[in-house]
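Geometric and topological summary
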Amino acid sequence: NVDPREFSHRLMQECSNILREGAAAKKAKVKTPSSDNDNNDDDDEKLLTPAELMGKAYERVKADNIIGSSTACIALFDGLRHQLHFSNLGDCGIIVLRHIDSDVAGALKRDTKTPRTERTSDLRVAFVSQQQLRSFNHPFQLGWTGEELEE
């Protein structure tokens, strides 16, 4: 009896847990008094990449012996650098939409004659991630069968 939702839900729950634990550790580190030697910008912790986050979450799910498989997509926004980092596995992915600003609309060929209230969208596709497939309709997946498999 395997619940097909359990693996994917637990994988994302563990991603959330890891991020919350990291935020709590960072907050605790800020509250502790530090010496002048510890107060430099190089001491900032390396940001966790989405692929590392996915790997850590997978190891936790596997350690809890949750059987199942899933495709996954994890995106993290770095507010300091204003960058979106993502990792996807399988046929899931991201689409980044950008708002077309009125000041640069001419360069983007937006319909300026139709009143804004009557336009259906002022968005354009800026990026679409690639799918990762073994073959047609067979996406790569993270999974655990309850035992290590040899290839």
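Per-chain numbering applies: the sequence of each chain, read as written, is numbered from 1 onward. Side-chain atom pairs in this predicted model are given and counted only at pLDDT of 80 or more, local residue features only at pLDDT of at least 70, and totals for whole chains, interfaces and linings cover all residues. Remark: hydrogens and water are excluded; side-chain values derive from all non-hydrogen atoms of the structure.

**Some points on the side chain of serine 70**
Note on conventions: DSSP H or I runs of at least 4 residues are helices, E runs of at least 2 residues are strands, and numbering of each starts at the N terminus. Along the polypeptide, serine 70 turns up in strand β1 (residues 68–70). Each residue touching serine 70, except ones within four places of it in the same chain, is listed here: Phe7, Ser8, Gln141 and Leu142. We call two residues contacting when some pair of their heavy atoms lies within 4.5 Å.

**Brief notes about the confidence of the model for the chain**
Atomic detail in the predicted coordinates should be set aside for any region of low pLDDT. Scored from 0 to 100, pLDDT records how confident the predictor is in each individual residue. For the chain, per-residue confidence averages 84 on the pLDDT scale, and residues scoring 70 or more make up 81% of the total. Per-element averaging of pLDDT across the chain places helix α3 (residues 105–108) at the bottom with 53 and helix α2 (residues 50–63) at the top with 96. pLDDT under 50 marks residues 35–43. Its contacts with residues more than four places away, or in other chains, come to two contacts.

**A short note on the layout of surface pockets**
The volume enclosed by the second largest pocket comes to roughly 170 Å³. Cavity: a set of points on a 1 Å grid over the protein atoms alone where a 1.4 Å probe fits but cannot get out. Pocket: an open set with protein on both sides within 12 Å along at least five of seven lines, its lining residues, like those of a cavity, having an atom within 4 Å of a point. Taken together, Tyr58, Lys62, Gly143, Trp144, Thr145, Glu147, Glu148, Leu149 and Glu151 form the lining of the second largest pocket. At the level of elements, α2 and β8 (142–144) are the ones that each hand at least two residues to the lining of the second largest pocket. Along the lines of polarity and charge, the residues of the lining of the second largest pocket split into three nonpolar, two polar and four charged. Grid points are joined across faces, edges and corners, and a volume is the space filled by probe spheres set on the points. Any residue outside Ala, Val, Leu, Ile, Met, Phe, Trp, Tyr, Cys, Pro, Asp, Glu, Lys and Arg is labelled polar, Gly included; the first ten of those are nonpolar and the last four are charged.

**Some points on the packing of helix α1 (residues 4–31) against α2**
Each axis is a line fitted through C-alpha atoms, taken for helices only over the stretch in contact, and angles between the N-to-C directions span 0 to 180 degrees. Remark: α1 packs on α2, axes separated minimally by 8 Å, with the N-to-C direction vectors making an angle of 120 degrees. Judged on the interaxial angle alone, α2 and α1 are oblique. Seen along the crossing, α1 lies across α2 with a hand that is right-handed. On α2, the residues touching Phe7, Arg10, Leu11, Glu14, Cys15, Asn17, Ile18, Leu19 and Glu21 of α1 are Leu53, Met54, Lys56, Ala57, Tyr58, Arg60 and Val61. Note that the term roughly parallel is reserved for angles under 35 degrees, roughly antiparallel for angles over 145, roughly perpendicular for angles of 65 to 115, and oblique for everything else. Each crossing gets its hand from how the near helix is turned against the far one by less than a right angle, where anticlockwise is left-handed and clockwise is right-handed.

**Digging into the pattern of salt bridges**
Pairs may arise between side chains of opposite charge once their charged atoms sit close together. Salt bridges, as used here, are contacts in which a Lys or Arg side-chain nitrogen is within 4 Å of a carboxyl oxygen on Asp or Glu. Taken as a whole, this structure holds seven salt bridges when the rule is applied. The shortest N-O distance in the salt bridge between arginine 5 and aspartate 3 comes to 3.5 Å. Each of Arg10, Glu14, Glu21, Arg60 and Asp64 takes part in salt bridges that share partners, so that together they form one network.

**Details of the packing of aromatic side chains**
In this scheme Phe, Tyr and Trp rings, the latter by its six-membered ring, pair at centre separations within 6.5 Å, and the angle between planes marks the pair as stacked below 30 degrees, edge-to-face above 60, and tilted otherwise. One pass over the full model with this rule turns up two aromatic pairs. Measuring from centroid to centroid gives 6.4 Å for phenylalanine 7 and tyrosine 58, while their planes differ by 65 degrees, and the two rings are edge-to-face. Placement of the pair is phenylalanine 7 in helix α1 and tyrosine 58 in helix α2, with a sequence separation of 51 residues. Judged on exposure class, the residue phenylalanine 7 and its partner tyrosine 58 are both buried. Each residue gets one of three labels from its accessible area relative to the maximum for its type: buried under 20%, exposed over 50%, partly exposed in between, using a 1.4 Å probe on protein chains only.

**Digging into α1**
How far a helix is expected to stretch is found by multiplying one less than its residue total by 1.5 Å. Relative to the 40 Å expected for 28 residues at 1.5 Å per residue, α1 spans 42 Å between its end C-alpha atoms, a close match to the ideal helical length. When α1 is considered as a whole, its buried residues turn out to be Phe7, Leu11, Glu14, Cys15 and Ile18. Those residues of α1 that are buried are in contact with α2, β1, β2 (72–78) and β8. Capping of α1 at its N-terminal end is provided by aspartate 3; its side-chain oxygen lies 3.1 Å from the backbone amide nitrogen of arginine 5. In protein, a polar contact requires one atom able to donate a hydrogen and another able to accept it; more generally it is a pair of N or O atoms within 3.5 Å, and residues adjacent in sequence count only if both atoms are side-chain atoms.

**Comments concerning unusual backbone geometry**
Although it is not a glycine, asparagine 65 sits at a positive phi angle of roughly 55 degrees. By secondary structure assignment, the location of asparagine 65 is in the loop between α2 and β1. Phi angles above zero are rare outside glycine, and histidine 82 is one such case at about 55 degrees. Following the sequence through the fold, histidine 82 ends up in the loop between β2 and β3 (83–89).

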